[in-house]
Amino acid sequence: MKHYFFYNKNPTLKSSPPLRLNKLMQSVLCYKLVEKERISIWVIKFMIWYQIGLNSKKNLFQWNALISGYTRNELWADAISVFCELLMVIHGLAIKMGLNSDVFVGNALVAMEMLVREDGLRPDVATLVTILPVCAGEGEVEMGRLVHGLAVRLGLNQELMVSNALVDMYVKCGYMSDAQILFDKIVHKNVVSWNVMIGGYSREGKVDGTFNLLCRMQMMEEKMRANAITILNVLPACLEQSELRSLKELHGYAFRNGFQYDEMVANALIAAYAKCGSMSAANSVFDGIETKTVSSWNALIGGNAQNGDPRSAMDLFLQMTFSGLEPDWFSIGSILLACAHLKSLSDGKAIHGFVLRNGLEMDSFIGISLLSLYIRCGKPLSARIFFDGMDEKTKVSWNAMIAGYSQNGLPENAINLFREMQQDSIQPSEVAIMSVLTACAQLAALRLGKEAHCFTLKADLTEDAFISSSLIDMYAKSGSIEQSRRVFDGLVEKDAVSWTVMITGYGIHGLGGEAIELFEMMQREGLKPDRYTFIGILMACSHSGLVEEGLKYFSGMQSEHKIEPKLEHYACMVDMLGRAGHLDHAASLVEEMPDEPDAGIWGSLLSACRTYGNTDLGETVSKKLLELEPNKAEHYVLISNLFAGSGRWDDVRRVRGKMKEMGLGKDAGCSWIEVRGKVYNFIAGDDTLSESEEIRRMWRVLEDKIRGIGYVPDTSSVLHELDEGEKEELLRGHSEKLAIAFGLLKMTKGATVRVCKNLRICCDCHNAAKLVSKVMQREIIVRDNKRFHHFRDGVCSCRDYW
């Protein structure tokens, strides 16, 4: 009814038909749709076409108004369609002549046809500057090139407005070199010309190009003064702390020219300072804003939420609401991000309630923020319920959910959702592919990982630095270190991350020599190792028993590379020294650490005490460990095992009694194996599987065979007061044995058996796997919670050092 009233009351309808038509189109089409009062798209279309139908002979104003109206209301397809209708006859002629694939011929035909038509229609500057932003908005560079050719043919390319629109089109379509060529050819540039080009470099993250162009703009020969739009275009390039000085210079220029009073400039300065890590400067700009709007508060709240101070973001949000301002969708998205960083589920749920009460859940930005909240708070089930309830699932929401499953230790769910995404014909992005590769790595699911690799090859994504590193990591963690190296060697450009991932891969496979060789090669290639690279090389030295080499690299971190060792580096060193039996040296290193050792370091030292039977040091370490984390079951298990290894059963009973009293339980041994693309799980002593009896019989057969070549059950691995027969029966139920037997039953002859375990492999299972690999002439690869073991022909790659 509102639109009918508007139509009948409009005074332009009393004018003569051509004037009435032009004025009506101008009044309707120049109306920009807004969120709170949207004119229905079909109503607009009906009114336009009804009025045009009254006059079959359309003039150029009407064509331009129609295209402009569709553009203003973001009806890109309709805008292009109308423009194409204007050129329809020419297209038909080009197709008939077989010349439609030739851009230059096509452009010439367009111009010729339009010039000889009876109505004399000829695109003008207004036509071109209206359609070019549509091409830019849709990324339709080929259509843009067609319009460019038409502009040249009609002699309109020298018009400054057309030149600026063409530069803008090429910039927004990602063709910066074409844009630069056109920009350089503009003789009399105005501030719009400079702003378009500067904005292009800034959005592409080309900091040097952005500031060089800004400086060139202000040189004497150019005589062009930057305006507020220039400042807004430059600021997105200020993303790192290294740009802080340039940002301050830009701020000074804005201050000297009075731009600091422009709300958009002030808000952009706040956001830029936050990204560059200077929240004090961001606060200072905010404090200087006389009348603070929601947008001003949003800039500071978002800056804190995104750049490491979520608690301040929460406080600012409360201050804003207390000041009487209503939060908008951006405020809510930012505060949800802060809740996610703080893992504050209760606050996040309260915000979720606000979202539901105010009907904001349909906003895609808020939807993704809510999804991220539940994922970051370790509630993947809640996240999935919310995800399934989304009316429109964007690619970002799929990516967030797949990554969330992977991050929350649910790799199978991540893989299944990835498949659902493909079934829904949604093209996975790099984020989704990296997440599914991570999931395959967690499961050591080599076949699934290879499928994902094939997908990246088809999508031409293997040269993406993040995906290539994920592939290297996936193959390494799936037990195929050779394939990992093939991916690494095949990279055209290797960055520090790819080198680090490959070195770490060698480390977890116990190939210390190969890791060292690669580490030295990396430096010869001119790349500098970072703190993550040193974690990889120190871990490699630890797993291979290369103590001298590890000490050398640890010392060189500070002296040669100026990298201060962190807790994780000390953890590697304590683990390395402890594994090698240098317990006193390891204990001294812990005492000398500049920071307080964490539970991981004390746990590593306690594990070494248990291995070498040093109960005196072990008891001291136990006290430190329980002071830090008194409610962790694995610590009590380690202490219990320390006493059991020395036959101190009274102390074992005391520790286990304490665990029972606290309601703590030991993690059950769990192993899994991938067979024909499906992952099967096995828990120690579990007989509930349908194939359990068949698996048990298979292990009995294997045990008989390996006893014939010297296998004797190592009952010292059973840390319970039981007789020998009971201990042997317990050993037969270890999860890795069940998984190995299942693999030999179900896999094709000669195939490598790949098993993963959540705990450290015991001595008995290690000895048994070596001998099974010999009698069955099969390679068996076991990944425990520390490293890989490759069993071939009765020998393990770890050389019994683990």
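Refer to the structure printed above.
Everything numeric in this text was worked out from a predicted model, so none of it was measured.

Asks: Quick one: what's the story with the nonpolar core, residue by residue and with numbers?
Replies: Side chains that are nonpolar tend, in soluble globular proteins, to be buried together. By size, the foremost hydrophobic cluster in this structure holds 194 residues, and its most contacted members are Val167, Met169, Met197, Leu247, Leu371 and Ile537. Residue assignment places this core across two domains, with domain 1 (481-662) and domain 2 (672-796) each supplying three or more. Not counting residues up to four positions away in its chain, the partners in contact with Leu247 are Leu235, Cys238, Leu269, Ala272, Tyr273 and Cys276.

Asks: Account for the packing of aromatic side chains, naming residues and giving values.
Replies: All chains considered together, the criterion is met by 14 aromatic pairs. Taking the centre distance of 5.0 Å and the plane angle of 85 degrees together, the rings of Phe183 and Trp194 count as edge-to-face. Note that Phe183 is positioned in helix α11 (residues 176-185) and Trp194 in helix α12 (residues 191-203), a separation of 11 residues in sequence. What makes Trp194 buried here is its relative accessible area of 0%. When the centroid spacing of 5.9 Å and the interplanar angle of 80 degrees are considered together, the rings of Trp329 and Phe330 count as edge-to-face.

Asks: So what's going on with a positive patch on the surface? Residues and values would help.
Replies: On the surface, a cluster of positive charge is contributed by Arg610, Lys666, Arg760 and Lys786. Mapped onto the elements, Lys786 comes out in the loop between β4 (780-783) and β5 (788-792).

Asks: So what about helix α30 (residues 496-508)? Which residues, and what values?
Replies: Note: α-helices contain 3.6 residues per turn, so residues at a spacing of three or four share the same orientation. Here α30 contains 13 residues, and its C-alpha end-to-end distance of 19 Å stays within 8% of the 18 Å for a straight helix at 1.5 Å per residue. When α30 is considered as a whole, its buried residues turn out to be Ser498, Trp499, Thr500, Val501, Met502, Ile503, Gly505, Tyr506, Gly507 and Ile508. Downstream of α30 by a residue or two, Gly510 has a phi angle that is positive, lying close to 75 degrees.

Asks: If you had to explain the pairing of β5 to someone new, which residues and values would you point to?
Replies: Among the five residues of β5, four are classified as buried, and the element is accordingly described as predominantly covered. As paired strands, β4 and β5 are joined by four bridges and run antiparallel to one another. By the bridge assignment, Val782 is partnered in β5 with His789. Remark: four residues form the turn of the hairpin made by β4 and β5, two consecutive strands paired antiparallel. Alignment of β5 against strand β6 (residues 795-796), held across two bridges, turns out to be antiparallel. Opposite Phe791, over in β6, you have Cys796 as the bridge partner. Here β5 hands over to β6 after two residues, with Asp793 in that stretch at a positive phi of 50 degrees.

Rules used in this analysis
Residues numbered from 1 in each chain as written. Predicted model: local features only at pLDDT ≥ 70, side-chain atom pairs only at ≥ 80, totals over all residues. Heavy atoms only, no water. Core = buried A, V, L, I, M, F, W, Y, C linked by side-chain atoms within 4.5 Å. Buried < 20%, exposed > 50% of the residue type's maximum accessible area, 1.4 Å probe, protein only. Domains from an automatic or database assignment. Contact = heavy atoms within 4.5 Å. Phe/Tyr/Trp six-rings, centres within 6.5 Å; stacked < 30°, edge-to-face > 60°. Helix = DSSP H or I, 4+ residues; strand = E, 2+ residues; numbered from the N terminus. Patch = residues over 30% accessible without salt bridge, like charges linked within 9 Å, V, L, I, M, F, W, Y side chains within 5 Å. Areas by Shrake-Rupley, 256 points an atom, 1.4 Å probe, with all protein chains shown as cover. Salt bridge = Lys/Arg side-chain N within 4 Å of Asp/Glu carboxyl O. Lys, Arg positive; Asp, Glu negative; His and termini not counted. Charge placed at Lys NZ, Arg CZ, Asp CG, Glu CD. Expected span 1.5 Å × (residues − 1). Pairing = 2+ DSSP bridges.

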